[in-house]
Amino acid sequence: MAVDTMTASPALVDESVPVRYAKAGAVFAALGLFVLVIAFAVVGGDDKTLIRFDKTLTDVEWAMPTTVVMAVLGALTAAAGAWMLAGIPKRRFKLVSAIAVTAFVFSLLFWAYSQPGTVFRAESILAGALFLSLPYLFGALSGVVCERSGVINIGIEGQFLMGAFTGVLVANITGNVYAGMVGAMVAGLLSTMLLALLATKYQVNQVVVGVILNLLALGFTSFMYDQLKKAEGLNSAFAVPTLSWGPLADIPVIGPVLFQQKIFVYIGLVLVFVVWFLLYRTRWGLRTRAVGEHPAAADSMGVNVNRLRYWNVTVAGLISGFGGAWFTIANSLAFSKNMTAGLGFVALAVMIVGRWNPLGVLAGALIFGFTTQVARDLDASGGSVVPGEFLQMLPYAVTLVVVAGLIGKAKAPAADGVPYNPGDK
Amino acid sequence: ACGEAPSENGGDGNADASFLACMVTDSGGVDDKSFNESSWAGMEAAAEENDDIKVEVKESSSETDYDPNLQAMVDNECNFIIGVGGLMTENVNTAATANPDTAFATVDGFSEVENVYSIQFDTAQSAFLAGYVAASQSKTGTVATWGGMKIPPVTIFMDGFAAGIEQHNTDKGTNVELLGWDAEAQEGTFLNSFEDTAAGKSTTDTFISQGADIIFPVAGPAGIGALTAAAENDAVNAIWVDTDGYESTEYGAELITSAEKGLANAVKDSVLAAYEAANGGEAITGSYVGTLANEGVSIAPFHDFDSAVSADTKAELEALTQQIIDGTLTVESPSSPAAQ
Amino acid sequence: MSTDTTTPTADQPEAGETPESKPNFMRLFGRYLTEANSVMVTIYSLLLAFLIGAILLIVSDEYTRSTFSYFFSRPQDAWYASRDLIVESYTALFEGAILNLNTLDRYAAGTAEFGDLLRPLSETLTYATPLIFTGLAVGLAFRAGLFNIGAQGQMIFGMMGALIIGFALDLPAVIHLPLAVIAGALAGAAFGAVPGVLKATTGAHEVISSIMLNNIAALFLVWSISTEFLHSETKTDLITKPVDESAVMPKLLSGLSESLRVNWALLIGVAAAVFTWWLLSRSTFGFRIRAVGFNEHASATAGMRIGSTYTTTMAVAGGLAGLAGAALSLGVGAAGITTNTALEYGFDGITVALLGRAKPGGIVAAALLFGALKAGALSAQPDVPVDISTLLQAIIVLFIAAPALVKAILHLRTPRGGLVTLEAKGW
Amino acid sequence: MRLELKGLTKKFGSFTADDDIDLVVEPGQIHAVLGENGAGKSTLMNMLYGILTPTSGEILIDDKPVSFTGPGDAIAAGIGMVHQHFKLVGPFSVADNVQLGREHTQGMGVLSAKAARKAVLDVSEEYGLKLDPDAICEDLPVGVQQRVEIVKALSGPKTELLILDEPTAVLTPAEITELLQIMRNLAAAGTSILFISHKLKEVQAVADTVTVIRRGKVVAELEPTASEAEMASAMVGRAVTLQVDKTPAEPGEARLEIKDLTLVSDAGVKVLDGLDLTVHSGEIVGLAGVEGNGQTELARAILGLVKPDEGRIAIDGKDMHGASPADRIADGLGYIPEDRGRDGVISEFSVAENLVLNQYRDVPFARRGAVNSGAVRKRAVDSISEFDIRTQSPEEPVSALSGGNAQKVIIAREFSRPRRFLVAAQPTRGVDVGASQFIHSRLIAERDTGTGVLLISSELDEIYALADRIAVIYNGRIVGEVAPDTPRAVIGRLMVGADIAGADDTAPASDDDADQTDEEANGGDR
Ligand SMILES: Nc1ncnc2c1ncn2[C@@H]1O[C@H](COP(=O)(O)OP(=O)(O)OP(=O)(O)O)[C@@H](O)[C@H]1O
Ligand SMILES: Nc1ncnc2c1ncn2[C@@H]1O[C@H](COP(=O)(O)OP(=O)(O)OP(=O)(O)O)[C@@H](O)[C@H]1O
Ligand SMILES: [Mg+2]
Ligand SMILES: [Mg+2]
């Protein structure tokens, strides 16, 4: 280090010294034992879990002995728990927890897909999972941009609705699906502009504005939907083509998942990295984060806090509005009342799970997309012993476990939700 | 804002009509692309046909709205009040008992109250035929159905559909498999929503990836999701419910046929009958059950698939229909109309 | 977290009161009317919202809209049509929520009973009842710095708890009804405590866990209704058994007319509001809730246990939301509950709590306003489309929550103590 | 730059914070501004810096009237400011904090981390303010944070007027000496400086001229040669005695015993490392040390807010293992937290409520689960008069009180209930002379009733004035216990980790210190 800080720097603990994690250890050990019991007592010895590459290599199918795989995964989980109970180097803790959780979840997957009639169609499921994660991704990214600048955007649901509705409408009017996407973005922009104005100029409680915007968007789109029904051909479904990247699309697993998707997938993935770059590597990002963290500090350095907030929130609407287009255009659907079904709120949760970081948001959205897809697949295959409703709970339950078990306290930007009055101390 | 003023006031429907027919919807609203909407279409058709009939509707968002809505219709001095949905039957009964001079009707429910007319449908019969067609048309040997919610008006379709496939398998020695509904166990795949089209699509995609090439969504508007999925897959087609989807949806090209439920007609007839009754005709009482026999339920024409469905199959359908009408063949479902 | 705060804004009254101008009553009253104080802001918010609603109504009505197409050749058409439409629509809302003029005529003519006159009010109160509870559930948590977005799920569990006791036990009404109500509260409390416990032990954010739990509760309800234990024995639809007669909330005004649905749950709601008020402003527990809500560091330093405060507050809030569920399953939903019975009362509770500024009195008032809007909207359809009613609600809340906006639109003056706004605190 | 203020006035509603202030700062002049808490000093500076808009009056720079719409304008005009309340973005690195608002980019708005880092190093080299540009600000000790603020203020394109609002409140003696030298150098180079401090010695040492403000009005212009007593009485408006009268301590039985206390922070840092300390009844032990060496954690561990990883704490002979903060408070532990805004008061609560914050469940303040507001009010009325808390009423929220009065609320709360042992952390930080005088005498009186007192302070003056025994903390352990007449230089050396025998006191206790080398190396890698 070039310069000494002169002040005493306290001693760092040697991270390789083992520390006991009693609670986490006990939980993982119990989970591991649970899996082992299932593996040997419940699962039949000859049960196989079938994994199929259903899109590229049509006749390749792996039959894995369920008991063996589950036993290995269960032992892994239990071992992680035992290690934690005995004492584990502090810096290994997170990684080992993540491995243990993954092993546990996979063991359950193997169990679920060992039921007769179920096949884990790897490519369809993964491709579907990526596609299903998109609304959470767009919603949460929009939330990240807003909240990083200190404005809570609880109105994502409303922006989704506006985007979904306007996207179809504009596509119908212009006859061009891409114009529809732009229309969705503009609709999102206009609805967040109201949030921006009320939150900055009029200093209204941001949660209230968000709740109101949701109500307004629901009322407005439902009302307009009824109006449009009277006119023919303003709410017809418009589809976007699936892009196939030639030979890349034929690569097993990766091909169908990454190179045979709709443009929404690519925009979503690119956006994650763009927002990340903007936020952490540019002047705009530095100022945005400063304004969300300590607006008075930014102000004292000549940054116009409320103007920056205003524009950030407004522009974030482009993202959530585009996310709205996912519901209609990406799914080739016409608009219907309240079609976003509360996903905007889940996107909010994904944003928190992702710790207000675009990369974290990507991870959170993928978890959600994956569990939703698996739940639907199991429900549809009819082989599940668990009622469909419980399968549908899966994404929510997994999020709860992930948040409570691994993420713990997520720290919001310090000034998130606090209106800024220039001249405040 | 610079048009010509019309020479006279635009007439407001049948503004001066003497007979007021009123409808209270179930949750989902009057535009639910399902039984509320069909019933309302029947009401409007009646008003269209008879200038002396005026129609009105109130939507319920949950069953706790039934009573105030029915009461409001009574207060409105409606001459004929229709409650849509089996759940409302008891509320209709109560209102009818309290207002013995007003005619009532209940759709999809059965009532023994004197002034309540029951309108029910044995849709298992039309779904049976649809199932038979599906089995005959499937290339992969796998077809799928899924429902909006596990309620009788939905599962009766699924039961009939399953029975139709079974019939085809027995008669023709095929081995067509049905995903999404186990009639024996009365268990299957449900979205738990009639609105979530996106979930409908993704569920259908899942069935497609499991090999299904004909999808039978029984979920009102959420079923549109299945049609989009079919539209995106050349090899996949669908069968619609309630109305002829070739006309009521934009996805006619995907639809082999539809398991129709003649709700609109039945409602329309009942309104017209109630009008007659009010004007000295015979009072409408008792119940109506739509069946293949009275053409209250049916399967829609094949439209674009007319050439795809073989003449043999058509003949077999003809025969099966006849057997059902005769009563030599019964399509059973635990959800079949309660009392005849 | 939200509380009443007066923000001294930059544009303070510029020493406007010259001492020599005598305080004359009319003058003071005039001042009051043109000032952005909370009473006038509420009144102006309603007026502005109804104005915007009127525009929406005109736009949505085909016939009235058509008269505007030849506005310049015969403007009186547009004027009369609009006037009639607006008068008709708002009369319909009023008649649905407060007093039906038709019934009044009939009453005067002797063809209607007195009880019939009260029906709109009874409906308003009926719809307000669950909102009082869910509003309190959200508001109480706000005061502890918690955002209880999970009232919906807590209400669902309360609904089921009360229902189960309501049909499964065979008891005399004096015991059965209170027991069922308590069961609802406990079920809601248990479910509500979960996010509190998770926050206290693992730091998991209550907003995430509540959102997840709402979804889980909704799915759980769908599943449980179809179980043999809960499912109706007589109906095949997705509906539960009815609660026993002995557990049904007695109607308050059944003496006047059977159709007056308002029941004892309203009284419990008022009692709950009084209890919440006492809890927050008079009890030591409330002292702790508010302290933790404002500053958890200082509270911890003063020896308060933060984690248990979160857990207990969430449990109490869940209990209140559970009472909303009990009010439904033992009241208007006594014939059996479905997946729709709970509607969106839990989410509406957020709006009610914010509108009531997280204070029990304000919450009751806000719940009544919302109840009136709901009852009015239900009865005014199809004259007033349901969606217009939704929009109207949103716009009213918007203006009430944004006094600065009302002030700016109407050029009102800043009151002495500054504008009363909702203080916003983030996650 | 020549700065002139003419009739500058600021009103908040009907309250006049600054009233018709005239003031001139000549180029290269160090102009000190003195005043009690709440006198209006910061308000005045905030107007100069464009954060607040004056209600009336004029600001002239080089005789030309200017009007600032925001700090941006002030920065452009060549004004830099170090704020009393830090304006640092906690999770940002030092470099990011310094470049905020005038970012170093490599085009297209993309940041250049290299340029930003270099800019910090350049400034810190030029002025001898040592800083690691990559350190995260919220992890830094407050003294270093203060240095970041100063570097920020100096990093403007052309800072000609530097406003320093209480920059020394959190610095160590050595750092203060250093800062004063930097100020002199800057002034010599032509920079004008406005300097605010409650420490009169500093003002005497560095100022060219002194302006005293009382209740928003200029009440005196003094020469720096004026005595401390003169300055103090000008500020307060009456004579003040600056000496605390103190009789020798009569230590009794041990009230606080700490053995081998070790605490590992969440970040994996050993913030307390086998600390031993004993405090007896009737004595004040002063804990001296550079901030960030474990004082905060020690205080929190004594109260039970953090669970130590090893070691034991006994209060009054009772092992505190497993005892909650509430238990310890009930057992007679008094606690004055160092960060009063965060830990000491709930600013939205009334004065009365804050006065019973840790007793609201005890008789007579509570009865059967309800707060007895009569008793609470009575306590408030008593405390307000006994402790001279300046408030309009017991119901006034603490947020409306000045810092000094808020501190008195905490003092009153802790001194109005039975206590056996008291932890007083930075009890007079940012408090004006009058109020600190009062707090000091209360602490002595407290000791004389037999309470054991642990005084944690980064101000050696305060420790010397009050302590009967001085313990020096460094790197989470007590490195020396000395008598109160030990020379400053010795304690100063202990504070930076050097042993008493040698090592010059500016050198960091790092690489050459044999038994620390490993840990230091780790620290360096962080
Ligand atoms: N934003 C504000 N709104 C209302 N009053 C304020 C505001 N800012 C400051 N004041 C008041 O103005 C007065 C002057 O405050 P200021 O911060 O200038 O005092 P100070 O002299 O800097 O005191 P200290 O020595 O404690 O820093 C105080 O009474 C304070 O309460
Ligand atoms: N919003 C306000 N309105 C009216 N008077 C206020 C307000 N805020 C503070 N005061 C008054 O101003 C005086 C000083 O307050 P202030 O907060 O500036 O103290 P301070 O000493 O500057 O605090 P700190 O040491 O934290 O800087 C007090 O007498 C207080 O009652
Ligand atoms: Mg101050
Ligand atoms: Mg100050």
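Residues numbered from 1 in each chain as written. Chains lettered and ligands numbered in written order. Predicted model: local features only at pLDDT ≥ 70, side-chain atom pairs only at ≥ 80, totals over all residues. Heavy atoms only, no water.

The name an unreviewed UniProt entry gives chain D is ABC transporter ATP-binding protein, with Glycomyces luteolus as the organism.

As recorded in an unreviewed UniProt entry, chain C goes by the name ABC transporter permease, listed as coming from Glycomyces luteolus.

Participant: When you look at the sheet that holds strand β15 (residues 318–319) of chain D in this model, what are you seeing that I'm missing?
Facilitator: Neighbouring strands of a sheet are bound in pairs by backbone hydrogen bonds; such pairs are parallel or else antiparallel. Residues and elements named next belong to chain D. Strand order in the open sheet formed by four strands is β12-β11-β14-β15, with antiparallel pairing between adjacent strands. Each having just a single partner strand, β12 (270–280) and β15 make up the two edges of the open sheet. For strand β11 (residues 254–264) and strand β14 (residues 310–315), the ladder comprises five bridges, and the chain directions are antiparallel. The residue of β14 that forms the bridge with Ile258 is Ile313. (Pairing = 2+ DSSP bridges. Helix = DSSP H or I, 4+ residues; strand = E, 2+ residues; numbered from the N terminus.)

Participant: So what exactly am I meant to see when it comes to the arrangement of the chains here?
Facilitator: Ranked by contact count, the leading pair among the five pairs of chains in contact consists of chains A and D. There is a clear gap between chain B and chain D: no contact, and 39 Å between their nearest C-alpha atoms. (Contact = heavy atoms within 4.5 Å.)

Participant: Sorry, what's going on with the coordination of the magnesium ion (ligand 4) here?
Facilitator: Under perfect tetrahedral coordination by four donors, a metal shows angles of 109.5 degrees; under perfect octahedral coordination by six donors, it shows angles of 90 or 180 degrees. In this structure, Ser42(D) (OG) and Gln84(D) (OE1) serve as the protein donors to the magnesium ion (ligand 4), at separations of 1.8 to 2.1 Å. Relative accessible area serves as the criterion here: at 28%, Gln84(D) is assigned to the partly exposed category. (Donors = N, O, S within 2.8 Å, 3.2 Å for Na, K, Ca; no water. Buried < 20%, exposed > 50% of the residue type's maximum accessible area, 1.4 Å probe, protein only.)

Participant: What is the right way to read the domain arrangement of chain D from this model?
Facilitator: How big an interface is tends to be stated in terms of accessible area lost as the parts join. Residues and elements named next belong to chain D. Domain annotation of chain D identifies domain 1 (3–236), domain 2 (241–332 + 418–486) and domain 3 (345–417). Just the C-alpha atoms count here: the centres of domain 2 and domain 3 sit 24 Å apart. Residue-level contacts link 14 residues of domain 2 with 10 residues of domain 3. In total, domain 2 and domain 3 occlude about 1200 Å² of area from one another, counting both sides; carbon and sulfur atoms represent 66% of this. Counting the surface domain 2 buries against domain 3, the share from its top three residues, Ile329, Phe438 and Arg442, is 43%. Inspection of the domain 2/domain 3 interface yields one salt bridge. (Domains from an automatic or database assignment. Buried area = accessible area lost by both parts, 1.4 Å probe. Salt bridge = Lys/Arg side-chain N within 4 Å of Asp/Glu carboxyl O.)

Participant: Explain the site of ligand 1 here, please?
Facilitator: All names here are of chain D. In the neighbourhood of ligand 1, 14 residues make up the surrounding shell, with Asn37, Gly38, Lys41, Ser42 and Thr43 lying closest. A distance of 2.8 Å separates an oxygen atom of ligand 1 from a polar backbone atom of Gly40. At 3.3 Å from an oxygen atom of ligand 1 is found a side-chain nitrogen or oxygen belonging to Glu166. In isolation ligand 1 has 630 Å² of accessible area, and contact with the protein removes 75% of it. Those elements that place two or more of their residues in the shell around ligand 1 are β2 (15–25) and α1 (41–48). Of the residues forming the shell around ligand 1, the biggest block, three residues, is contributed by α1. Considered class by class, the residues forming the shell around ligand 1 number four nonpolar, seven polar and three charged. (Near = heavy atom within 4 Å. Polar contact = N/O pair within 3.5 Å; in protein donor to acceptor, adjacent residues only side chain to side chain. Areas by Shrake-Rupley, 256 points an atom, 1.4 Å probe, with all protein chains shown as cover. Nonpolar A, V, L, I, M, F, W, Y, C, P; charged D, E, K, R; others polar.)

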